[in-house]
Amino acid sequence: QVQLVESGGGLVQPGASLTLSCAASGRTFSRYAMGWFRQAQGKEREFVATISRSGGITYYADFGKGRFTISRDNAKNTVYLQMNSLKPEDTAVYYCAAANIERAYSSRSWEYDYWGQGTQVTVSS
């Protein structure tokens, strides 16, 4: 069992940066590939970024490439999502998730076993 708690969301202006954190409980954090997803109001949840168990491999949705960076600290049981050059269309609830899979990472929400409650990110002037 893994419990995930996101933090770091808030209201920022377009062009600003924000770093989200996701703290995981338990001693098996390093066994899970981790991912970030988001859901805007009235839209389906979509993939943002994922990272392998060791942190050596990352993969991003096209809208995040060059702007978002996912990282993890297995000693702190924490995964991060640094977001730069934020746009109004980045407004959403951001969720972190943990996947117990054989592959290095996944962009498929149905492969994730545990989810956090989400943190709101609002980009507005």
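It should be noted that the structure appears before, not after, this text.
Here's a quick rundown of the structure.

**Observations regarding the state of the cysteines**
Simply put, disulfide is the name for a covalent bond between the sulfur atoms of two cysteines.
Link 1 in the chain: Taken as a whole and judged by the stated rule, the model has 1 disulfide.
Link 2 in the chain: Disulfide partner of C22: C96, at an S-S distance of 1.9 Å. Taking the sign of the S-S torsion, about 45° here, the bridge from C22 to C96 comes out right-handed. Of this pair, C22 sits in strand β3 (residues 18-24) while C96 sits in strand β9 (residues 92-99), and the two are 74 residues apart along the sequence. For the pair shown, C22 and C96 are each scored as buried.

**Considering the environment of G56**
Link 1 in the chain: Position of G56 relative to the elements: it lies in the loop between β5 (46-51) and β6 (58-60).
Link 2 in the chain: In sequence terms G56 and R72 are 16 residues apart; their C-alpha atoms lie 9.6 Å from each other.

**Let's talk about the nonpolar core**
Link 1 in the chain: Formed by 27 residues in total, the largest nonpolar core has its most connected members in W36, V79, L81, M83 and Y94.
Link 2 in the chain: Within the residue set of this core, elements represented by two or more residues are β3, β4 (33-39), β5, β7 (68-73), β8 (78-83), β9 and β11 (119-123).
Link 3 in the chain: A33, F47, A61 and Y112 belong to the second largest nonpolar core, which has 8 residues in total.

Parameters and conventions
Residues numbered from 1 in each chain as written. Predicted model: local features only at pLDDT ≥ 70, side-chain atom pairs only at ≥ 80, totals over all residues. Heavy atoms only, no water. Disulfide = S-S within 2.5 Å. Helix = DSSP H or I, 4+ residues; strand = E, 2+ residues; numbered from the N terminus. Buried < 20%, exposed > 50% of the residue type's maximum accessible area, 1.4 Å probe, protein only. Core = buried A, V, L, I, M, F, W, Y, C linked by side-chain atoms within 4.5 Å.

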